[in-house]
Amino acid sequence: MDIEKIKDDTVKTVQGVVKTVQGVATATQELVESLYSQEPKRKQIQGESSNNRPSLPPSPKKSSVSVALCLVVPASAVGNIRKNHTINVSDIETLIENASYFLCASPEDANTIQQRLKLTEEDITDVSEQREFYVRIDIADGPEMIGKKVQYILKRNLPPNGQGTVKELACLEYLSVSGLENFNRV
């Protein structure tokens with residue numbers, strides 16, 4: 001047997017295990033965070049209060065916070081999505097499921113990150129299905145999505161009846177990973 005091939009296969013296997021462990025750790029951390037954020041709500045509902053004061057009325061709804069969902073998806077997943085058009089939650093979920101890289105940030109941070117990407121001016125209708133697209137979707141009222149590192153958590157925190165606007169849809173330069181350092185890799 002070729003020792004170099006065995007060595008390469010072992011390295012790839014170890015890298016795969018490390019990614020899996022990192023994903024499980026991240027999911028566990030987010031689960032713990034969500035449980036801690038729900039604990040005060042349960043105490044208020046059950047009437048438990050550390051100082052026995054009456055509960056305060058709920059605060060007025062906060063103003064809508066826009067977020068930018070940035071995805072790298074295969075051309076085959078883009079379908080009929082077009083730049084500057086509205087996209088519904090189920091189509092956003094499909095894109096998240098098909099993403100090889102993803103990131104959710106403030107629109108300002110997304111602008112900075114987008115400038116580092118190597119995008120092409122190709123006509124999106126004429127590219128091979130194996131090519132990858134950068135898709136940026138601006139979503140109103142999605143602050144719970146910012147910084148999430150697990151696709152499931154990102155989908156779960158989408159505004160339930162919301163929509164987004166496709167702000168950018170472009171081909172990535174072939175085999176380019178330049179600029180994707182800030183993204184979460186699936």
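Structure first, text after, so check above.
All figures in this text were calculated on a predicted structure; none of them were measured in a lab. Numbering of residues starts from 1 in each chain and follows the order in which that chain's sequence is written. The predicted nature of this model means local features are confined to residues of pLDDT at least 70 and side-chain atom pairs, given and counted, to a pLDDT of 80 or more, with totals for whole chains, interfaces and linings taken over all residues. The side-chain figures draw on all heavy atoms in the structure; neither hydrogens nor water molecules are used.

K.L.:
Which residues make up the packing of aromatic side chains, and what values go with them?
P.N.:
Where two aromatic rings form a pair, the distance of their centres and the angle of their planes describe that pair. For Phe, Tyr and Trp, rings pair up if their centres lie within 6.5 Å, where Trp contributes its six-membered ring, and each pair is then called stacked (planes under 30 degrees apart), edge-to-face (over 60) or tilted (otherwise). Evaluation of the coordinates by the stated rule reveals one aromatic pair. Note on Tyr134 and Phe183: the rings are 6.5 Å apart at their centroids and 75 degrees apart in plane angle, and the pair reads as edge-to-face. Here Tyr134, found in strand 4 (residues 132–139), pairs with Phe183, found in the loop between strand 5 (163–171) and strand 6 (184–185); they are 49 residues apart in sequence, far enough to count as distant. Classification of Tyr134 as buried rests on a relative accessible area of 0%. Strands are runs of DSSP state E lasting at least 2 residues, helices are runs of H or I lasting at least 4, and numbering of each runs from the N terminus. The buried label goes to any residue with under 20% of its type's maximum accessible area, the exposed label to any with over 50%, and the partly exposed label to all in between, with areas taken from a 1.4 Å probe on protein chains only.

K.L.:
Explain the environment of Val89 residue by residue, including any values.
P.N.:
Position of Val89 relative to the elements: it lies in helix 3 (residues 89–98). Given a relative accessible area of 14%, Val89 falls into the buried group. Val89 sits 71 residues away from Pro160 along the chain, and the two C-alpha atoms are 7.4 Å apart. Note on contacts: a residue pair qualifies if any of its non-hydrogen atoms lie within 4.5 Å across the two residues. Not counting the four nearest positions on each side in its chain, Val89 is found in contact with Leu158, Pro159, Pro160 and Gly162.

K.L.:
Summarise the side chain of Gln151; cite the residues concerned and give the values.
P.N.:
The topology assignment puts Gln151 in helix 5 (residues 151–156). By the criterion applied in these results, polar contacts are pairs of N or O atoms within 3.5 Å in which, for protein atoms, one can donate a hydrogen and the other can accept it, and in which residues neighboring in sequence qualify only through two side-chain atoms. Looking at Gln151, its side chain comes within polar contact range of the main-chain oxygen of Ile96, at 2.6 Å. Filtering out sequence-adjacent residues up to four positions away, Gln151 remains in contact with Ile96, Glu97, Ala99, Phe102 and Val186.

K.L.:
How would you summarise the side chain of Asn184 if you had to cite specific residues and measurements?
P.N.:
Relative to the helices and strands, Asn184 is located in strand 6. Classification of Asn184 by relative accessible area gives buried; the value is 14%. A distance of 3.3 Å separates a polar atom in the side chain of Asn184 from the backbone oxygen of Lys148.

K.L.:
Talk me through helix 4 (residues 107–116); I want residue IDs and the actual numbers.
P.N.:
Buried within helix 4 are the following residues: Pro107, Ala110, Ile113 and Gln114. Projected down its long axis, helix 4 carries its buried residues within an arc of 120 degrees, all on one side. For helix 4, the exposed residues set more than 90 degrees away from the buried face come down to Glu108 and Gln115. The inward-facing, buried residues of helix 4 abut strand 1 (67–74), strand 3 (101–105), strand 4 and strand 5. Directions drawn from the helix axis to the C-beta atoms are what define this arc.

K.L.:
Go over the environment of Cys70 with me, naming the residues and quoting the values.
P.N.:
Assignment of secondary structure puts Cys70 in strand 1. Residue Cys70 is classed as buried on the basis of its relative accessible area of 0%. Look past the residues within four positions of Cys70 in its chain and what remains in contact with it is Tyr101, Phe102, Leu103, Ala110, Tyr134, Val135, Arg136 and Phe183.

K.L.:
Go over the pairing of strand 1, please, and point to the residues and values.
P.N.:
Buried residues dominate strand 1, accounting for seven of its eight residues. Between any two strands, at least two bridges found by DSSP are needed for them to pair. The sheet contact formed by strand 1 and strand 4 spans eight bridges and is antiparallel. Within the sheet, the bridge partner assigned to Val73 lies in strand 4 and is Phe133. In the sheet, strand 1 pairs with strand 3 via five bridges, with the strands oriented antiparallel. From the neighbouring strand, Cys70 faces strand 3, where its bridge partner is Leu103.

K.L.:
Tell me about the sheet that holds strand 3, and please be specific about residues and values.
P.N.:
Here six strands make up an open sheet; going across it, the order is 2-5-4-1-3-6 and the pairing antiparallel. Since the sheet does not close on itself, it has two edges, and those belong to strand 2 (86–88) and strand 6, each with one partner. As judged from the seven bridges shared by strand 4 and strand 5, these two strands associate in the antiparallel manner. Its bridge partner lying in strand 5, Ile137 is registered against Val166.

K.L.:
So, the pattern of salt bridges: which residues are in play, and what are the values?
P.N.:
We count a salt bridge whenever a side-chain nitrogen from Lys or Arg sits within 4 Å of a carboxyl oxygen from Asp or Glu. Scanning all chains against the criterion turns up four salt bridges. In this structure, Glu122 and Arg131 form a salt bridge, with 2.9 Å as the shortest nitrogen-oxygen distance. On the basis of relative accessible area, Glu122 is assigned to the partly exposed category, the value being 34%.

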